[in-house]
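Structural overview for review
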Amino acid sequence: RSVPKPEGDCLHKIDMSSRPPERNNSNTCASMQETCDKMCEKLDAQANKLALNATMHVMCAEFYFWWYCALSIPSIALSSAVSVLPNIVPLFYVDTVSAVCNAFNTITLGILAIVRYESKSALHTNAAVSLQALKVKHVEMRDKLQM
């Protein structure tokens, strides 16, 4: 078999009509301002989303911290009360009341260890701080674009 030789100096024709029009290098101030305004709008929208997410993290942190305090304060009070029980309760009931207080304290501390409310609160607080810092960067970037 013989390979057909191309006619002329090129193998195929290039359709010039399918090419995108050449870019005009003389951008007007209006088109640059339009582009800048669109970018600023997108940055503002992102900053608003970041602020919303930061607020949600703050709310979650407060929720977990509230539950942490609700479980740890009674635990602290009970462990302190056990030491003064002989002065409050008749000696006949001291062992029983002390055992109940210790059991309740152990259950409370076990729940705190399992659910880790303190660490969850700290994680949400750190996330909120990071999101707030990112929001500040977005606003700074927007301000630079508007100059």
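Refer to the structure above for everything that follows.
Residues numbered from 1 in each chain as written. Predicted model: local features only at pLDDT ≥ 70, side-chain atom pairs only at ≥ 80, totals over all residues. Heavy atoms only, no water.

Overview of the packing of helix H1 (residues 29–88) against helix H3 (residues 117–146)
Where H1 contacts H3, the axes come no closer than 7 Å and their chain directions differ by 165°. By the angle between their directions, the pair H1 and H3 is classed as roughly antiparallel. Once H1 is placed against H3, the crossing between them reads as left-handed. Residues that form the contact of H1 with H3 fall into these classes: 24 nonpolar, nine polar and five charged. (Axes fitted to C-alpha atoms, helices over the stretch in contact; angles between N-to-C directions. Helix = DSSP H or I, 4+ residues; strand = E, 2+ residues; numbered from the N terminus. Parallel < 35°, antiparallel > 145°, perpendicular 65-115°, else oblique. Left-handed = near helix turned anticlockwise from the far one by under 90°. Nonpolar A, V, L, I, M, F, W, Y, C, P; charged D, E, K, R; others polar.)

With respect to H3
Three or four residues apart is the spacing at which side chains of an α-helix point the same way, because the helix has 3.6 residues per turn. For H3, spanning 30 residues, the distance from its first C-alpha to its last is 43 Å, which sits close to the expected 44 Å at 1.5 Å a residue. Regarding H3, the residues found buried are Tyr-117, Ser-121, His-124, Ala-128, Leu-131, His-138 and Arg-142. (Expected span 1.5 Å × (residues − 1). Buried < 20%, exposed > 50% of the residue type's maximum accessible area, 1.4 Å probe, protein only.)

Here's the deal with the pattern of salt bridges
One pass over the full model with this rule turns up two salt bridges. Linking Asp-44 and Arg-142 is a salt bridge whose minimum nitrogen-to-oxygen distance equals 2.5 Å. Within this pair, whereas Asp-44 is found in helix H1, its partner Arg-142 is found in helix H3, the two being separated by 98 residues in sequence. In this structure Asp-44 comes out as partly exposed when scored by relative accessible area, which is 27%. Asp-143 serves as the salt-bridge partner of Arg-142, at 3.0 Å between the closest nitrogen and oxygen. (Salt bridge = Lys/Arg side-chain N within 4 Å of Asp/Glu carboxyl O.)

Some words on the packing of aromatic side chains
Under the counting rule described, the total for this entry stands at five aromatic pairs. Look at Phe-92 and Tyr-93: their rings are 5.1 Å apart centre to centre, the planes differ by 80°, and that puts the pair in the edge-to-face class. According to the relative accessible area criterion, Tyr-93 is partly exposed, its value standing at 46%. One aromatic cluster in this structure is built from Phe-63, Tyr-64 and Tyr-117. (Phe/Tyr/Trp six-rings, centres within 6.5 Å; stacked < 30°, edge-to-face > 60°.)

Nothing here speaks to function; it is all geometry.
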